[in-house]
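The residues making up each chain are set out below.
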Amino acid sequence: MRTIQLYLLSIIAATTTITHAGELPAPPETHAGEPPALPEQAIAAERADTIREVVVTGTRSAVDIRHLPMTVTVIDREELTLQHRSNLLPTVMQHVPSLMVTSRGMMGYGVSTGAAGGINIRGLAGGSSQMLVLIDGHPQYQGIYGHPISDSYQTLMAERVEVLRGPASVLYGSNAMGGVINIVTRNAAAARDTTATSLSLSAGSYGTAVVEATSQTRQGGFSSTMAANYSRTDNHRPRMGFEQYSGFLKLGYDISSNWISSLNADITHSAASYPGSTYRSMYSADQWITRGVVNACIENSYERTSGGLSIYSNFGQHRIDDGTADLTAPTQRYFRSNDALTGLNAYQSVQLLTGNRTTFGIDYQHIYGRAYYTSKLTGETLNTPNKQSGSSHRNEIAAYADFRQDITTWLTADAGLRLDYHSIAGTEWVPQLGVVVRPISTGEIKLMTSKGFRNPSMREMYLYPPSNDELKAERMWNYELSWRHTAGRLSYGANLYYIKGDNIILNTAVDGGRKFLNSGEIEHFGAEAEATYSISRNWSLQTNHSLLRMLHRDVAAAPKYKGYLGAHFASCQWDATAGVQYLSGVGLDNDSNGFADLQQKDICLLSASIGYSATRNIKLWLRGENLLAQRYELNYGYPMPRATVMGGIDIKF
């Protein structure tokens, strides 16, 4: 990994432009598994400790991470594909301190009762709409419930993943209360006309099989990336089968040296069976979920200004058989929902003064959702206990500005403000302030204070009891101090944070029943640390750790301590990765508010993978998960599989 970073640095030093939204020019071809030779510039750069990371999530335009007051972790495609996982979330969980993703099987997170794939960061949960997933900067969530659809986040679409810890509501509005995961999609980045095609075949425990195919083309100013995936598994429990089809398409055209355009489309269809928990078995509980994303974008890049305009739509159709605990009494209806999140965003970043970057932006979203039941026998729509006839439309419009100024060579100040208007929840002002101090050329101190908010979801306001159409937005403030330093082969960072929030929506007992109310508060504080160390040309180490203290109540699936230690080896033909993840004090969901009733024993998970490049175009690999065969649960009543293995072959044409 370090070798590739140094090589990319030499490319940057030899050129004067960044290709597109922070993407770096592609290095020349090498033999499979053979690292490129270290250029003299890269060696000099390593000695001078001047490696830079360029990110887009904290500011919408490409910027040196050293000038941002936010805490951002970047996982590039090499890291995402190293262990050959079809879904990117398990890899992201390993690399990002304080981030937790729940699971219930070898493959398939599912939705509805008993679903996993809840994303939690610093005790703020994606299942509660407090953590936002983006694809190329556009929000992706279920329009009625507001939660992410974790089965849709496939590795085949991702060039890299950027995770911003802490509120990102100034740029991304509601649901970015705890932070964001931004999936930056793949481009055909070849510098010359070419076509590259790859095929991956794999199989493993519990009848699991995955097939992936990708083709990337560049011809003049035109580029395309096409990818498709089929995956299936029986999983480790009866009636827990999962099957999924995914497709991704990205088309790009360079209109000129200053203007580029792109069109993205992604579709995922999954079918899953839900067996119930170990204390309450379910029969005929099946789910059919289709999710899609379409995005069209045009971007400009000049010496003193850059920006973009994009139109997007995230939509889905869900059909769910809730099943029954009685094998002889099948259900008579399906739960169905249709939802769509359609929006437009425009931004322009300009250099007003020397050392300045100011970004202005406008966001508009139209959120639609409809939930209803249909008869299995007749297909007719049945009475649904919803307000507004089971459907709802909401609109959100916002304007924001972010002002970043290098005051001296060692000091940068940042201030941002968002005015957000929601057709139901009303108006929200969202400020943030930050300072970056660079006492040495290779290290920086960051201080940040920022506000996050979340508007109530349609489910909380309208969809059957305990809905409440008088709910207001949740709000919180985050205060953070961090230090980051690169010293030769070692890069490390550490930070402290404090979170204070109120107006939290809780499922509360009222007059013998239950009702959602703005009756809760949160107060969390914690510490995070991460480091990478390049031992030699072939060996590297990576580790991250986080501590979390929740004062008012424990949140489900938010460990008090989370740690990861991984090692990677790479030679001309062989590569191997091993990692240990340790979780302590993981609270299990009590099935009411997402708060934890049960504490379980500590969890220690060992994973490892090994790859062999048999030829220039053929690679064989083997991966093992939970190799210590631990018995554990992340959702109460849903035991995880013990040791599992997957093996496969990757072919390049």
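See above for the structure.
What counts as what
Residues numbered from 1 in each chain as written. Predicted model: local features only at pLDDT ≥ 70, side-chain atom pairs only at ≥ 80, totals over all residues. Heavy atoms only, no water. Pairing = 2+ DSSP bridges. Helix = DSSP H or I, 4+ residues; strand = E, 2+ residues; numbered from the N terminus. Salt bridge = Lys/Arg side-chain N within 4 Å of Asp/Glu carboxyl O. Buried < 20%, exposed > 50% of the residue type's maximum accessible area, 1.4 Å probe, protein only.

Peer 1: I'm lost on the sheet that holds strand 6 (residues 124-125) in this one. Help?
Peer 2: Strand pairs in the sheet, formed through backbone hydrogen bonds, run parallel or antiparallel to each other. The strand order 4-5-6 describes an open sheet built from three strands, whose pairing is antiparallel. Strand pairing shows two members of the sheet lacking a second neighbour, strand 4 (99-101) and strand 6, which therefore form its edges. Bridge count for strand 5 (residues 119-121) against strand 6 is two bridges, and the pairing is antiparallel. Looking across to strand 6, one finds that Asn120 is bridged to Ala125.

Peer 1: Would you mind going over the sheet that holds strand 8 (residues 138-139) with me for this structure?
Peer 2: As summarised here, the arrangement of the five strands in space is 3-9-10-7-8, forming an open sheet in which the pairing is mixed. The two strands at the open ends of the sheet, each matched to only one other strand, are strand 3 (71-76) and strand 8. By the bridge criterion, six bridges tie strand 3 to strand 9 (residues 158-165) in an arrangement that is antiparallel. Paired with Asp76 across the strands is Arg160, a residue of strand 9.

Peer 1: I'm lost on unusual backbone geometry in this one. Help?
Peer 2: Working note: non-glycine residues mostly have negative phi, and peptide bonds are mostly trans. We note that Asn626 has phi near 50°; this positive angle belongs to a residue other than glycine. Within the secondary structure, Asn626 sits in the loop between strand 36 (618-625) and strand 37 (633-635). In this structure, Ala629 is a non-glycine residue whose phi angle is positive, near 55°. Positionally, Ala629 belongs in the loop between strand 36 and strand 37.

Peer 1: Would you take a moment to explain the pattern of salt bridges for this structure?
Peer 2: A pair can form between side chains of opposite charge whenever their charged atoms are brought close. Summed over all chains, the structure comprises 21 salt bridges. Across the pair Glu530 and Arg165 runs a salt bridge, and its minimum N-O distance is 2.8 Å. Of this pair, Glu530 sits in strand 29 (residues 513-534) while Arg165 sits in strand 9, and the two are 365 residues apart along the sequence. A relative accessible area of 25% means that Glu530 is categorised as partly exposed. Residue classification places Arg165 among the buried positions, given a relative accessible area of 2%. Lys500 is paired through a salt bridge with Glu521; the nearest N and O atoms lie 3.6 Å apart. You can see Lys500 sitting in strand 28 (residues 490-510) and its partner Glu521 sitting in strand 29, a full 21 residues away along the chain. On the basis of relative accessible area, Lys500 is assigned to the partly exposed category, the value being 34%.

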